[in-house]
Amino acid sequence: MEQDNIFERLLQLVTRYTHDRGQGTFIDYLDPDDLRQRLHLEDERGRGDWEALFAWVERYLAHAVKTSHPAYLNRMWAGANLPSVVGEMIAAITNTSACTFETAPVSTLMEKYLLQTMLDLVGFAGGCGQMTTGSSNANMIAMMAARNDLLPAIKQQGLFGCPELFALVNADAHYSMDRAANILGLGTNHLLKIPVDDHGRMHIPALEERLAEISSAGGRPFFVAATAGTTVRGAYDSLPPLLALRERYRFWLHVDGAWGGAVLFSDRLKRHFLPALEQADSFTLDFHKMLGTALMCNVLLFNRRPTFLREVCSAGDESYIFREGEGGEIRDLGTLSLQCGRRVDSLKWFLDWKFYGRAGLAERVERYLELCRYAEDRVGHHPDLELVVPRESFNVCFRFRPPGDVPAEPFNKALRERMHRTGRALVGTGYVNGQLVLRLLITNINVGKPEIDHFLETVVTTGRELLAERSGRP
Ligand SMILES: *Cc1c(COP(=O)(O)O)cnc(C)c1O
């Protein structure tokens, strides 16, 4: 095969895959050992053999999870918006790093445009930000920014000789907070998890008590993270009481909107879920979750002067790579990043933004919420299913209700596994108040009411099948 034909061949494959991916089962499941055998990973092939290469691609696709399939309801993302897939392919073909204007002129301007657009939407006037590799890293950078903002000398002196620092988060906050506490030298013992109220939000009196305790013992509570849409339950921490506490204790208020921050695009939902967001100190949002941009695609924003992030992040001799813009303008986005090489994520977001517009994204998020309401209602009315907790926003936490003598947790685990291995459906799990739940998330534009009905029927059929096997009936 000639090199010129590679893309033709590739596009044929891609077109066929895209066409078929909503059909059949979402996976052709094999156990790891069987899959390893099927893949023939050890096969020796001659160098430069394009036929062999495409055979590998075929094998990859044959057992890939079809994340666009309507039975794939497992994670906070599903499939990807086609405009952003186009962006991803162009980024791969042009292969550059978005750290300097020199190597990525268009991407740099697109990213700056994106940051300004998002700062305006959030209401951080005169702020700054960057696209990061995802909200895990964004949470860490926010925590680092809070630390360095409070104690600017920490950049040179580290934590030696500084007051004992504490970060406080919702007990259901994402595990990236624990990792950030580890990486930043706080230690996970200095990440305090605040118990939640009936709605899964940080219990404000409990938070206040911890803040007072730390302060009176000479410690410094420097960082509080609100979660806008907790990962399992979908709870939104209420910002106004946190802002009131910030007045007293002068901590940094970060909002982790990795999942639920997407409501920003709808005025109505923003008012409902994120009132007073514009007063927070920082905010992160994943475009690659509810909004459907190809993985990974994130933005982290700061309610601080334009040079703030650069002051926090830059260190070391960068003179070999970065150039100053006119009058100290930040020309190279790499100067405010913790990485050197940076993927061109801006193009994916930019193409989605131009294709769907704000109204299109608002409509999508509002529709998802409506579908979640529908799913909750269907679960509530089915005798074999039960909600484990009421729905707070987008997450529907439910389970199959086995007869009284059958323990619910192992049963629901077995049910999920049966659905997975048979390729019927894939749904997430998590724990709420110590109870295992099936976590239904709708982030796939191909899912509507009929697909939700079908999915719930699949859960019921599979549950009944397992019960019949238990009692030895056929
Ligand atoms: C998914 C999620 C994260 C992690 O985001 P990544 O982009 O996957 O790193 C952080 N916080 C919350 C609340 C999340 O749901």
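Position numbers for residues count from 1 along each chain, tracking the sequence in the order it is written. Reporting of local features is limited, given that this is a predicted model, to residues whose pLDDT is at least 70; pairs of side-chain atoms are given and counted only at 80 or more, and all residues count toward the totals for whole chains, interfaces and linings. Excluding hydrogens and water, the side-chain figures rest on all heavy atoms present in the structure.

Points about the overall build of the protein chain
Next up, step 1: Helices and strands together make up the secondary structure of the protein chain, namely 15 helices and twelve strands.
Next up, step 2: The size measure is the radius of gyration over C-alpha atoms, and the globule rule it meets is 2.2 Å times the number of residues to the 0.38 power. Against the compact-globule benchmark of 23 Å for 474 residues, the protein chain has a radius of gyration of 24 Å, which places it among compact chains.
Next up, step 3: By its C-alpha atoms, the protein chain is 70 × 65 × 45 Å across when sized along the principal axes.
Next up, step 4: Each residue gets one of three labels from its accessible area relative to the maximum for its type: buried under 20%, exposed over 50%, partly exposed in between, using a 1.4 Å probe on protein chains only. Evaluated residue by residue, the protein chain yields a buried proportion of 51% over its 474 residues.
Next up, step 5: For the protein chain, restricting intrachain contacts to residue pairs at least 6 apart in sequence, the fraction spanning at least 24 positions comes to 73%.
Next up, step 6: Carbon and sulfur atoms form 53% of the exposed surface of the protein chain, whose accessible area is close to 22000 Å².
Next up, step 7: Positive and negative side-chain charges of the protein chain, numbering 53 and 59 respectively, have mean locations separated by a distance of 2 Å. Note on conventions: DSSP H or I runs of at least 4 residues are helices, E runs of at least 2 residues are strands, and numbering of each starts at the N terminus. Working rule for contacts: check all heavy atoms of both residues, and any pair within 4.5 Å makes them a contact. All accessibility values rest on the Shrake-Rupley procedure with a 1.4 Å probe; residue burial counts only the protein chains present in the view. Charged residues are defined narrowly, with Lys and Arg counted positive, Asp and Glu counted negative, and His plus the chain ends left uncounted. A charged residue contributes its charge at one atom only: NZ of Lys, CZ of Arg, CG of Asp or CD of Glu.

Concerning the pattern of salt bridges
Next up, step 1: Basic side-chain nitrogens of Lys or Arg form a salt bridge, by our definition, when they fall within 4 Å of a carboxyl oxygen of Asp or Glu. Within this structure, the stated rule accounts for 36 salt bridges.
Next up, step 2: Across the pair K112 and E329 runs a salt bridge whose closest N-O atoms are separated by 3.3 Å. On the criterion of sequence distance, the pair formed by K112 in helix α5 (residues 105–122) and E329 in the loop between α12 (308–313) and α13 (346–380) is long-range, its members being 217 residues apart.
Next up, step 3: By relative accessible area, which is 25% here, K112 ends up partly exposed.
Next up, step 4: Given the relative accessible area of 38%, E329 is considered partly exposed.
Next up, step 5: A salt bridge links E366 to R268; the shortest N-O distance between them is 3.7 Å. Linking E366 in helix α13 with R268 in helix α11 (residues 267–273), this pair joins segments that are 98 residues apart in sequence.
Next up, step 6: One salt-bridge network, held together by shared partners, links E88, R343, D345 and K348.

Overview of the nonpolar core
Next up, step 1: Ranked by size, the top nonpolar core spans 99 residues in total, and within it M118, F265, L285, F287, F394 and F455 carry the most contacts.
Next up, step 2: Here this core gets 14 residues from one element, more than from any other, and that element is α13.
Next up, step 3: Beyond its immediate sequence surroundings of up to four residues, F394 is in contact with Y236, W259, V263, M290, V365, Y368, L369, C372, L440 and L441.
Next up, step 4: If you look at the next biggest cluster of nonpolar residues, it comprises 33 residues, including M144, A173, A181 and L186. To define a nonpolar core, start from buried Ala, Val, Leu, Ile, Met, Phe, Trp, Tyr and Cys residues and group those joined through side-chain atoms within 4.5 Å.

Topic: the site of the ligand
Next up, step 1: Near the ligand there are 16 residues, and of these S135, S136, D256, D286 and K289 occur at the shortest range.
Next up, step 2: One of the side-chain nitrogen or oxygen atoms of H288 is found 3.3 Å away from an oxygen atom of the ligand.
Next up, step 3: In isolation the ligand exposes 380 Å². Once the protein is present, 89% of that is buried. One heavy atom within 4 Å of a molecule or strand makes the whole residue count as near it. Here a polar contact is taken to be a pair of N or O atoms separated by no more than 3.5 Å, where protein atoms must pair a possible hydrogen donor with a possible acceptor and residues adjacent in sequence count only if both atoms sit in side chains.

So, the domain arrangement of the protein chain
Next up, step 1: Note that the domain bounds reflect an automated or database-derived domain assignment. When the domains of the protein chain are assigned, the result is domain 1 (3–67) and domain 2 (90–352).
Next up, step 2: Computed from C-alpha coordinates alone, the two centres of domain 1 and domain 2 are separated by 37 Å.

Looking at the environment of R210
Next up, step 1: Residue placement: R210 occurs in helix α9 (residues 204–216).
Next up, step 2: If we ignore the near neighbours within four places in the chain, the residues touching R210 are L168, L192 and I194.

Describing helix α6 (residues 135–150)
Helical periodicity: at 3.6 residues per turn, an α-helix aligns residues three or four positions apart in one direction.
Next up, step 1: Here the expected span of a helix is defined as 1.5 Å times the quantity of residues minus one. Over its 16 residues, α6 extends 22 Å from the first C-alpha to the last, a length consistent with the 22 Å expected when each residue adds 1.5 Å.
Next up, step 2: Counting buried positions over the 16 residues of α6 gives twelve, a clear majority of the element.
Next up, step 3: Among the residues of α6, S135, A138, N139, M140, I141, A142, M143, M144, A145, A146, R147 and N148 are the ones counted as buried.

Quick look at the packing of aromatic side chains
Next up, step 1: In summary, the pairing rule links any two rings of Phe, Tyr or Trp, Trp by its six-membered ring, whose centres are within 6.5 Å, and it sorts them by plane angle into stacked for under 30 degrees, edge-to-face for over 60 and tilted for everything else. Enumeration over the complete set of coordinates arrives at 18 aromatic pairs.
Next up, step 2: Ring geometry for Y113 versus W349: centroids 6.5 Å apart, planes at 50°, classification tilted. Residue Y113 is located in helix α5, and its partner W349 is located in helix α13; the two are separated by 236 residues in the primary sequence.
Next up, step 3: Three or more aromatic residues link up through ring pairs in this structure, and these residues are Y113, F265, F287, W349, F350 and W353.
Next up, step 4: Here, a charge over a ring is recorded when the distance from Lys NZ or Arg CZ to the ring centre is within 6 Å and its angle to the ring normal is within 35 degrees. Taking the ring centre of F308 as reference, the NZ or CZ of R304 above it sits at 5.9 Å.
Next up, step 5: Its end group placed over the ring of Y356, R364 keeps NZ or CZ at 4.9 Å from the ring centre.

Focus on the sheet that holds strand β7 (residues 282–286)
Next up, step 1: The seven strands lie next to each other as β2-β8-β7-β6-β5-β3-β4, forming an open sheet whose pairing is mixed. Across the chains shown, the open sheet's two edge strands, defined by having one partner strand only, are β2 (128–130) and β4 (191–194). With direction set aside, neighbouring strand axes in the sheet form an average angle of 20°.
Next up, step 2: Summarising the sheet, strand β5 (residues 220–227) and strand β6 (residues 252–257) pair through five bridges and their orientation is parallel. In the strand pairing of β6, A226 is matched with V255.
Next up, step 3: Helix α10 (residues 239–249) contacts β5 and β6 of the sheet and is inclined by roughly 170° relative to β5. Any two strands between which DSSP finds at least two bridges are classified as paired. For helices, the fitted line uses only the C-alpha atoms of the stretch in contact; every axis is such a line through C-alpha atoms, and the angle between N-to-C directions lies from 0 to 180 degrees.

Points about a nonpolar patch on the surface
Next up, step 1: The residues that make up patches have over 30% relative accessible area and no salt bridge, and they are joined within 9 Å when like-charged or within 5 Å when they are Val, Leu, Ile, Met, Phe, Trp or Tyr. Nonpolar side chains collect at one region of the surface, where F7, L11, V86, M89, I90 and I93 lie side by side and expose about 540 Å² of accessible area between them.
Next up, step 2: Among the elements of the structure, α1 (6–20) and α4 (82–94) are those that each provide at least two residues to the nonpolar patch.
Next up, step 3: If you tally residues by element for the nonpolar patch, the top one is α4, at four residues.
Next up, step 4: Residue placement: I90 occurs in helix α4.

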